Amino acid sequence: MAAAISNNYKGSKLLFSFILTRRTMTFKSYCTLALVICSLGRCFAEDDHEMEEFLKREFSLTKPYQGVGSSGSSHWELMGDSMVTTEQVRLTPDMQSRQGAVWSRIPCHLKDWEMQVHFKIHGQGKKNLNGDGLAIWYTKERMQKGPVFGNMDNFTGLGVFVDTYPNEEKHLERIFPFVLAMVGNGSISYDHERDGRPTELGGCNAMVRNLKHDTFLFIRYVRRRLTVMIDIEGQHEWRDCLDIPGVRLPQGYYFGASAITGDLSDNHDIISLKLYQLTVLRTQKEEEEAEEEITIPSVDNIDLLRVGQSEEGMSGVAIFFTVLFSMLGCFLLIVVGLVVYSHWSENRRKRFY
């Protein structure tokens, strides 16, 4: 009897220890899982600079476009051939020699911001028989007509262009439409004949014409870094277009959108412009740098950036002639080598006999 009780006691003690161990292991597992989740969350937050975003309605243009173009109380003002409908702000109709724009009346003093552009480009013209494109602006000047997608040349600030017509035909490797960005300081001219290549910061091709689904452009300026992405596949996924550090843009500039047509045309529509203020956690050093006043737009190491682009941007014609002359040079070396070898062999044969 005592032996049975003793065995039962030992079995109960063993079972209790097993249960306690399982509970302890489970508790430790939960703690470990929670720690991993927190670590991952912290990593993702750091990857996104621990940013929070807030929609700034005074800098945003959305339906129903109340008062736009017809009231001085509106935050946005129309220019040129632009017009407001219930569905969009049409910068230009699908007609030749038109230009239009919509500009914010209020200067923006945000340090870090993000602009999401919902736009549509469509028309009757077939491929490469349409033009010319639209632009999104953050500039010192506003409401100025001109040749750069409906805005003035030698602008001061940032321009992001959706160029739909290739002017420089010899650059066969670039597919249009093409999205590119440029920072101007008031004295830099946009080169139409070369599709803005000499002054572009980077870009990507974007087949945005006559699509049935929505198309979006994403422009982010944070910690003096300019990022442009596109969503044109209808999958609600952003695709990288360009990412440039060291971009210095002053505060107090105006947002706007413009478009232009020439001998070729398209409808250029803005469905919405949504500006978000980004709240970014900075170190003390970064905060001190952010407090430094920027008076003239610029890009750090712009010369090195453009040298790299020129090396990558060799045209198809240049590649053809490079290969051709290389082959001719190799052929010439082979001929000279054969002649020298033949002459050497002949002299050697005469000496032998």
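Up top is the structure these notes are about.
Residues numbered from 1 in each chain as written. Predicted model: local features only at pLDDT ≥ 70, side-chain atom pairs only at ≥ 80, totals over all residues. Heavy atoms only, no water.

Asks: Can you lay out the sheet that holds strand β9 (residues 178-185) for me, pointing to particular residues and giving the numbers?
Replies: Spatial ordering of the open sheet is given by β2-β5-β15-β7-β8-β9-β10, a layout of seven strands whose pairing is antiparallel. In the strand order of this sheet, the two ends are held by β2 (76-80) and β10 (202-205), each with one partner. Averaged over all neighbouring strand pairs, the angle between strand axes comes to 15°, with direction disregarded. Direction of pairing for strand β7 (residues 133-139) relative to strand β8 (residues 156-163): antiparallel, over a ladder of seven bridges. Within β8, the residue paired with threonine 139 across the bridge is glycine 157. (Pairing = 2+ DSSP bridges. Helix = DSSP H or I, 4+ residues; strand = E, 2+ residues; numbered from the N terminus. Axes fitted to C-alpha atoms, helices over the stretch in contact; angles between N-to-C directions.)

Asks: Residue-level account of empty space enclosed by the protein, with values.
Replies: For the structure on display, the rule yields one cavity of 30 Å³ or more. If you add up the space inside the largest cavity, you get close to 30 Å³. Around the largest cavity, the lining residues are Trp113, Met115, Ile136, Trp137, Tyr138, Leu158, Val160, Ile219 and Phe255. No other element matches the three residues that β7 contributes to the lining of the largest cavity. Taken together, the residues that form the lining of the largest cavity break down as nine nonpolar, no polar and no charged. (1 Å grid on protein atoms, 1.4 Å probe; cavity = no way out; pocket = protein on both sides within 12 Å on 5 of 7 lines; lining within 4 Å. Points joined across faces, edges and corners; volume = space filled by probe spheres on them. Nonpolar A, V, L, I, M, F, W, Y, C, P; charged D, E, K, R; others polar.)

Asks: An account of the nonpolar core is requested, with residue identities and associated values reported.
Replies: Core analysis: the biggest nonpolar cluster contains 50 residues, and Trp113, Val179, Leu217 and Ile270 have the highest contact counts within it. The element contributing the most residues to this core is strand β6 (residues 113-122), with five residues. Setting aside anything within four residues of it in sequence, one finds isoleucine 270 in contact with Leu61, Tyr65, Gln88, Val89, Leu91, Val117, His118, Phe119, Ile136 and Ala257. Phe178, Leu180, Met182 and Tyr190 belong to the second largest nonpolar core, which has 16 residues in total. (Core = buried A, V, L, I, M, F, W, Y, C linked by side-chain atoms within 4.5 Å. Buried < 20%, exposed > 50% of the residue type's maximum accessible area, 1.4 Å probe, protein only. Contact = heavy atoms within 4.5 Å.)

Asks: Which residues make up the layout of surface pockets, and what values go with them?
Replies: What the second largest pocket holds in volume is close to 340 Å³. The wall of the second largest pocket is formed by 19 residues, among which Tyr221, Arg224, Glu289, Ala290 and Ile294 lie closest to the centre. Residues of the lining of the second largest pocket, tallied by class, amount to eight nonpolar, one polar and ten charged.

Asks: Lay out the pairing of strand β15 (residues 254-260) in plain terms, naming residues and giving numbers.
Replies: Most of β15 sits out of view: seven of its seven residues are buried. Both faces of β15 are covered, namely the face carrying Tyr254, Gly256, Ser258 and Ile260 and the face carrying Phe255, Ala257 and Ala259. By the bridge criterion, five bridges tie strand β5 (residues 99-104) to β15 in an arrangement that is antiparallel. Across the sheet, the residue bridging to glutamine 99 is isoleucine 260, located in β15. Where β7 meets β15, seven bridges bridge the pair, whose relative direction is antiparallel. Its bridge partner lying in β15, leucine 134 is registered against alanine 259.

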